[in-house]
Amino acid sequence: MGKEMIAMLLAGGQGSRLYALTQKLAKPAVPFGGKYRIIDFPLSNCVNSGIDTVGVLTQYQPLVLNEYIGNGQPWDLDRLYGGVHVLSPYQQVSGSDWYKGTANAIYQNINFIERYDPEYVIILSGDQICKQDYNDFLQFHKEKGAEFSVAVMEVPWDEASRFGLMVTDENDKITEFQEKPKNPKSNLASMGIYIFNWDILKKYLIEDEEDPESENDFGNNIIPNLLRDGREMYAYRFNGYWKDVGTISSLWEANMEILDPEHSGINLFDDDWKIYSRNSGMPGHRIKEGAVIENSMITDGCRISGEVKHSILFAGVKVEEGAVVEDAVVMGGTIIKSGAVVKHCIIAENVVIGENAQVGAMPTEEESGVATIGAGIYIGDNAKIGPNAMIDENVKDGEEQW
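Residues numbered from 1 in each chain as written. Predicted model: local features only at pLDDT ≥ 70, side-chain atom pairs only at ≥ 80, totals over all residues. Heavy atoms only, no water.

Looking up the protein chain in an unreviewed UniProt entry gives the name Glucose-1-phosphate adenylyltransferase, with the organism given as Candidatus Anaerobutyricum stercoris. Recorded under Catalytic activity (unreviewed entry), the UniProt text for the protein chain is reproduced unchanged: "alpha-D-glucose 1-phosphate + ATP + H(+) = ADP-alpha-D-glucose + diphosphate". Comment text from UniProt for the protein chain, heading Subunit (unreviewed entry), reads "Homotetramer." (UniProt positions renumbered as here; feature names shortened; annotations may be inferred.)

Before going further, it helps to spend a moment on helix α7 (residues 218–228). Looking at α7, one finds that the buried residues are F218, G219, N221, I222, I223 and L226. Structurally, the start of α7 carries an N-cap: the backbone nitrogen of G219 is 3.0 Å from a side-chain oxygen of D217. Where α7 terminates, the next one or two residues include G230, which has phi positive at roughly 65°. (Buried < 20%, exposed > 50% of the residue type's maximum accessible area, 1.4 Å probe, protein only. Helix = DSSP H or I, 4+ residues; strand = E, 2+ residues; numbered from the N terminus. Polar contact = N/O pair within 3.5 Å; in protein donor to acceptor, adjacent residues only side chain to side chain.)

Applying the stated criterion to the full structure yields 18 salt bridges. Between K35 and D300 there is a salt bridge, and its shortest N-O distance comes to 3.0 Å. Of the two residues, K35 is situated in the loop between β2 (31–32) and β3 (36–37) and D300 in the loop between β18 (297–298) and β19 (303–304); the sequence distance between them amounts to 265 residues. What makes K35 partly exposed here is its relative accessible area of 29%. A residue is classified by how much of its surface remains accessible, and D300, at 19% relative accessible area, is buried. E307 is the partner of K309 in a salt bridge, and the nearest nitrogen-oxygen pair spans 3.3 Å. (Salt bridge = Lys/Arg side-chain N within 4 Å of Asp/Glu carboxyl O.)

Of note, the phi angle at D76 is positive, near 60°, even though the residue is not glycine. If you trace the backbone, D76 turns up in the loop between α2 (63–69) and β5 (83–87). In this structure D76 comes out as partly exposed when scored by relative accessible area, which is 42%.

The next subject is the environment of N255. Within the element layout of this structure, N255 appears in helix α8 (residues 248–258). Separated by 19 residues in the primary sequence, N255 and Y236 have C-alpha atoms spaced 27 Å apart. Leaving out residues up to four positions away in the same chain, N255 has contacts with F32, G33, I312, F314 and V329. There is a polar contact of 2.9 Å between the side chain of N255 and the backbone oxygen of L251. (Contact = heavy atoms within 4.5 Å.)

Have a look at this one:
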């Protein structure tokens with residue numbers, strides 16, 4: 001008995017625009033929002049949408065991701081038939097063959113998909129923070145009699161040329177696809193989430209693989225080929241919360257939006273649409289006398305004696321007396337020593353910020369960047385880190401880096 005729809009989750013991203021945060025980590029494994037990793041969102045969407053078979057395609061630094069997903073039990077994806085499977089590129093006789101592009105990644109796993117004989121395949125991105133019911137999307141696909149559907153979001157016209165855009169008629173049928181055009185004809189941006197009829201997807205993947213000129217990419221090759229052949233293609237308008245967290249500033253923004261669920265639309269405390277995670281079993285956080293905390297999210301195991309304002313602290317962060325943390329994302333296990341001032345920055349896991357050190361700065365008209373400190377870094381006492389700095393090596397006592 002075949003599955004109606006299975007999910008293929010593209011999680012191979014190197015995340016090169018996240019610099020220090022992804023040197024030892026695949027982008028979907030980057031921590032997010034205190035207790036989560038980015039990949040928790042698409043996996044939870046699958047579970048909440050009743051999809052019980054997910055192939056996770058990894059290639060860059062997959063170890064943390066593989067270990068994190070494990071047998072899929074935290075997401076209720078430990079199934080005898082189906083469940084979650086981490087799919088790395090196969091070693092071929094001619095040597096290891098990395099996934100050449102998004103389409104080639106799915107092509108290399110045709111046998112995996114065939115095992116479940118699905119009617120539909122949904123292709124997801126592992127590096128987006130998104131809460132979406134894929135059932136609604138599938139319903140739309142069926143009602144339109146579509147062979148291919150893509151989830152789109154309306155973006156401001158002045159930003160449209162940054163995206164792949166779907167030009168549609170009054171019935172949402174796609175008539176043209178523009179990849180980052182100078183003169184956009186549409187403001188419907190592709191979210192990189194697709195539903196295909198499996199027979200159509202398989203046919204086009206095989207043809208694409210046989211084309212030596214192809215980049216083996218959905219946006220550059222598969223979608224234009226479907227259009228060329230006049231396939232039934234539709235754009236599904238999504239209006240929930242979605243953020244591509246491919247840059248330091250968008251990752252920082254998405255974390256900050258958790259602190260303002262009424263306006264941002266991302267509510268991690270929504271019981272009707274839980275986000276599941278392989279949680280760390282730490283004790284509750286402890287706020288010491290004299291500590292000041294305003295509009296922040298403080299996760300398990302944090303110990304706070306200083307001042308924390310409008311920030312997100314992951315599990316086990318320690319803020320000593322007299323330290324100030326403001327507008328910051330501080331990942332797990334980091335220690336901020338007394339007198340240190342940490343503002344408008346992202347600090348990765350297991351960092352030590354020395355006494356009276358200064359990291360980042362509040363934005364001024366001249367400086368607007370988000371300072372970033374990589375995992376396991378030591379910032380010395382009295383050191384100064386400028387507002388745009390990207391630190392991936394230890395900084396000595398009293399040293400300045402801008």
